Amino acid sequence: MPSEQWGCRPAFPTVFFYLKNTWEYAMKYMLLVIMIAVILAIPLFAAASVIPLAAYPQSPRFVARIVSPTAENFTQFTRAGFDICSYHPGEHLDILLDDSLFQELKADYPSLHITQTEAQLKANLLSNERDIPGYRNYQTMLDELMQLQAQYPNLMQVTSIGNTWGAQYAAQQISTYQDFDHQIWAVKLSNNVQMNEDEPAFYFVGEHHAREPISMETVMGILNHLLEGYGVDTSITDYLNTSEIWLVPLLNPDGHKIVIDQTDVWWRKNLRDNNGNHAINLDDYGNGADGVDLNRNYGYKWGFQSATDDPFSVTYHGTEAFSELETQVFRDLLLSRNFIAGISYHTYGQYVLYPFGYQQNIISPDAVEMHALAGAMAATIPTQSGGSHYSSMPSYSLYPVSGSSDDWAYGEKGIFAYTIEMAEEFIPPAAEVPEIVQNNLTAAKLLLARKNSKLLKGHITDALTGEPLQAMIFVEGIDNNPLKTNQTYSEPVYGSYYRFLPEGTYQVQYICPGYSAESFSQSIVSTGVTIQDVALLPAEPFSLQVHISDPTGSAIAGATLAFLDTEQFTYHSNEQGLININNFLPGTYRISITCPGYEQLLRMESFSGTSRTFILNSNPQVADGFELGLTAWQISGNWERSTSQHYSGSYSLTDSPTGNYSNNQTSNCRLLQPVNLQGVLNVNLQFYAKHNISLDGDYCMLQYSTNGVTWKYLDDFTGVSAWQLYSYNLNHLIGSNAYLRFTMYSNSSGSADGIYIDDVKVFVTSHPTNLTEELLPTPSLSINSYPNPFSDKLNLEIDCPENSKSPIAIAVYNLKGQLVRELFSEVLAQGKHQLVWDGKDASAQACANGMYFIKLSRTNEQIKSIKTILLK
Ligand SMILES: [Zn+2]
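Residues numbered from 1 in each chain as written. Predicted model: local features only at pLDDT ≥ 70, side-chain atom pairs only at ≥ 80, totals over all residues. Heavy atoms only, no water.

A. The arrangement of the packing of aromatic side chains in detail. In total, this model carries 44 aromatic pairs according to the counting rule given. On the numbers, 6.2 Å between centres and 65 degrees between planes, the contact of F687 with F717 is edge-to-face. Of this pair, F687 sits in strand β34 (residues 682-693) while F717 is found in strand β36 (residues 712-717), placing the two residues 30 residues apart along the sequence. F717 sits in the buried class, given a relative accessible area of 2%. Each member of the aromatic cluster is reached from another via a ring pair, and the members are F542, F563, F569, Y571, F584, Y589, F607 and F614. Over the aromatic face of Y813 sits the side chain of K855, whose NZ or CZ is 4.8 Å from the ring centroid. (Phe/Tyr/Trp six-rings, centres within 6.5 Å; stacked < 30°, edge-to-face > 60°. Helix = DSSP H or I, 4+ residues; strand = E, 2+ residues; numbered from the N terminus. Buried < 20%, exposed > 50% of the residue type's maximum accessible area, 1.4 Å probe, protein only. Lys NZ or Arg CZ within 6 Å of the ring centre and 35° of its normal.)

B. A look at helix α4 (residues 99-106). Regarding α4, the residues found buried are L101, F102 and L105. Buried residues of α4 fall within an arc of 100 degrees about the axis and therefore sit on the same side. (Arc of directions from axis to C-beta.)

C. A look at the pattern of salt bridges. Across all of its chains, the model carries 22 salt bridges by this definition. Here K257 makes a salt bridge to D261, at a shortest N to O gap of 2.7 Å. Residue class for D261 comes out partly exposed when judged on its relative accessible area of 41%. Residue R612 pairs with E605 through a salt bridge whose shortest N-O separation is 2.5 Å. This pair shows no difference in class: R612 is buried, exactly as E605 is. (Salt bridge = Lys/Arg side-chain N within 4 Å of Asp/Glu carboxyl O.)

D. Summary view of the pairing of strand β12 (residues 416-422). Across the seven residues of β12, seven count as buried, placing the element largely inside the fold. Neither face of β12 is left uncovered, since the one carrying F416, Y418, I420 and M422 and the one carrying A417, T419 and E421 both have all their residues buried. Here strand β10 (residues 351-354) pairs with β12 via three bridges, running antiparallel. Across the sheet, Y351 pairs through a bridge with E421, a residue of β12. (Pairing = 2+ DSSP bridges.)

E. Region of interest: the confidence of the model for the chain. This prediction gives the chain a mean pLDDT of 85; 88% of its residues lie at or above 70. Segment residues 1-57 is flagged for pLDDT under 50; beyond a separation of four residues in sequence, or across chains, it makes 146 contacts in the model. Here residues 768-776 scores under 50 on pLDDT; set against residues more than four positions off or in separate chains, the count is 23 contacts. (pLDDT = per-residue confidence, 0-100. Contact = heavy atoms within 4.5 Å.)

F. Molecular detail of the sheet that holds strand β2 (residues 84-88). Reading across from one edge, β2-β3-β1-β4 is the order of the four strands in this open sheet, with antiparallel pairing throughout. On the outer flanks of this sheet lie β2 and β4 (113-117), each paired with one strand and no other. Direction aside, the axes of adjacent strands within the sheet are offset by 30 degrees on average. Sheet topology places strand β1 (residues 61-67) next to strand β3 (residues 92-98); seven bridges connect them, and they run antiparallel. By the bridge assignment, V63 is partnered in β3 with L96. Contacts between α4 and the sheet are confined to β1, β3 and β4, with β3 contributing the most and set at about 130 degrees to the helix. Relative to the sheet, helix α5 (residues 118-126) contacts β1 and β4, its axis offset from that of β4 by approximately 30 degrees. (Axes fitted to C-alpha atoms, helices over the stretch in contact; angles between N-to-C directions.)

In structure tokens form, the structure reads like this:
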């Protein structure tokens, strides 16, 4: 989002001074207005309403370009609060200036030159070349939507999804806003458009940012193209027949009017009346007292960085996440349907970007497929001046941005959410708009076509009633990535789910509370869709016994087992290390097991048998409470031991031992020696931390590296928190030598006490953590005859990889979990063994038709359970 990703970061003293003066000027001005209002005893409303729109002095502005900027240049300009228009690392940096700033900077940046003036921008907006009537305004867009709906009543439905601030202020009879009575319009495209069908949804949204009106033109272009192509083009017909396509051409109609009317062609934000004075404060130099940057206001990692709490900034992120009507409306639309992919259009820069954006080097768990589609889309879009095509990258690698629609849509909902930065300027000449829009259609259709390959989909239902279930679809190897913050769920109306995956074979679990989880191996292919419908059986409660021991097998008393997410059940182990849970519902749960002096186990765990063993490690490979110094750490910056704060002992580690941290720093504290993770089975990192870090863009980041050179993101800390245990499973690093470090970043504004870290431990387990599944040889059980369902005899086969040291039991249970018949219980020799169940219970009576479970267990620990249906 070259145009939209800017934080207000004063670093150049002169500019900082300039911006602060603007703020002070505004504050003084407001005070003056209030004083006059009070003195004259007239309502503030009346005093404010006499200030006409655009009465503020606006010195002429223009886009100026620095050629071959360094990364440092870029950081300096963003921190100084410049309005950054576009950035191409190493090539050019475009910033919005007025003449005095231009003259000031020209001395230090000889390459600085004007690329687009305000007069050019205004001319572009209205160009009548080639009989093209310029950009649509709100009313022409709305008229066209209504006309198209009348023309295509079976394919298209137009709805208002909410009001803007302008509409709300107008409803309050605030005269300044009477021409801003706007609604946000959404278009649904699909065959049987009046029905809510069992189909995946896609979105195209335009104009989060006011000065990017070609983004609205593009969404309108996509709309017209799809409508004209239906019934003519087989692909387009397929998209409309099998998906719901939602288009929001103009998310920010209030800001759009400011630009289209040429009140301020550089306006970017919405028209939120930040200072409550009932006037529209656009101010000069692009920064107005009013308005919120809508693409910094979404609620995923809101307020993190490259956004600011300064209302005057072009990247003001609002008072809180989703403080704005426009972002609330778009959020609610995305939550109301099963959206799987979408594009938000912006200008400019000629990029296809995908999440994450809030932080450097956060490689999303779905990055492989998100990148593949981004690259494919970018390759179809020629640049505005020709000769090459758009480029693609994760959003952060252009520059970090927090609170964007993409990060929220992906981070919260798992939607493949893209931003396309169109064109080479904010407002291309109107005469060039049709061609630029045309050039973007193929990419939009590639997004819609994504549902036809490398997709796992199906329905999840209750096996007994057939009712749809809202269940989790958990893909091993992707969803256990520590950065996975969303999980895929089937939607509640039809039980349908969709999951984009790279080509390959995956173990996929289907998990729903109160139901027995199912797990299937799924092959994802580039040539089509993999369909897996899943019927889950309601689980019957049973008695679960959990053993908690140390690696030598000794019981651990007083350990705490917590079932997270569900109903926060918590249990404690007795003197024998046992926890007995009656009426336990089998299923897959996120659990935590803790005991003072031992590692914390934090993981997703499936429970189906009546007995489980967990081993807690008490001998960390790395343990540092900072009591003896910092000899194990390599320090840059001010990191030091703290004597004022500690979780245990007398010391902790802190970034700023003598008070608040300083601005504009990047400092870190790194484990000197790597942790050897060769040939181990489980790795847990844990530590305690408390922090007070300014939410305006400062943070401490936890990173790891396998070579000590390139660092990857693990977690971040900002805001205020008391001492808390943090725990990370690092099994993805097994086989490597792992380095760890804490890095403190601060920008030029805001400061606080910083972070304290204590009792850093790395637990490395060479023993398996689950005896039943990993330490002992595991016999396998399979049904050896078909058909299944069976009517007469069920042939079973047990394959024992080596002699079993303890008895192996095979038994039949009914749906209620009651034992029907024990078939077998003895020590087994290595090899294959055949067994038959004749469909009779323990008293030789024929069993009723229905579902039965054949369970294989060893000394009360269930190893395997398969289901069968008896149908006579
Ligand atoms: Zn934008």
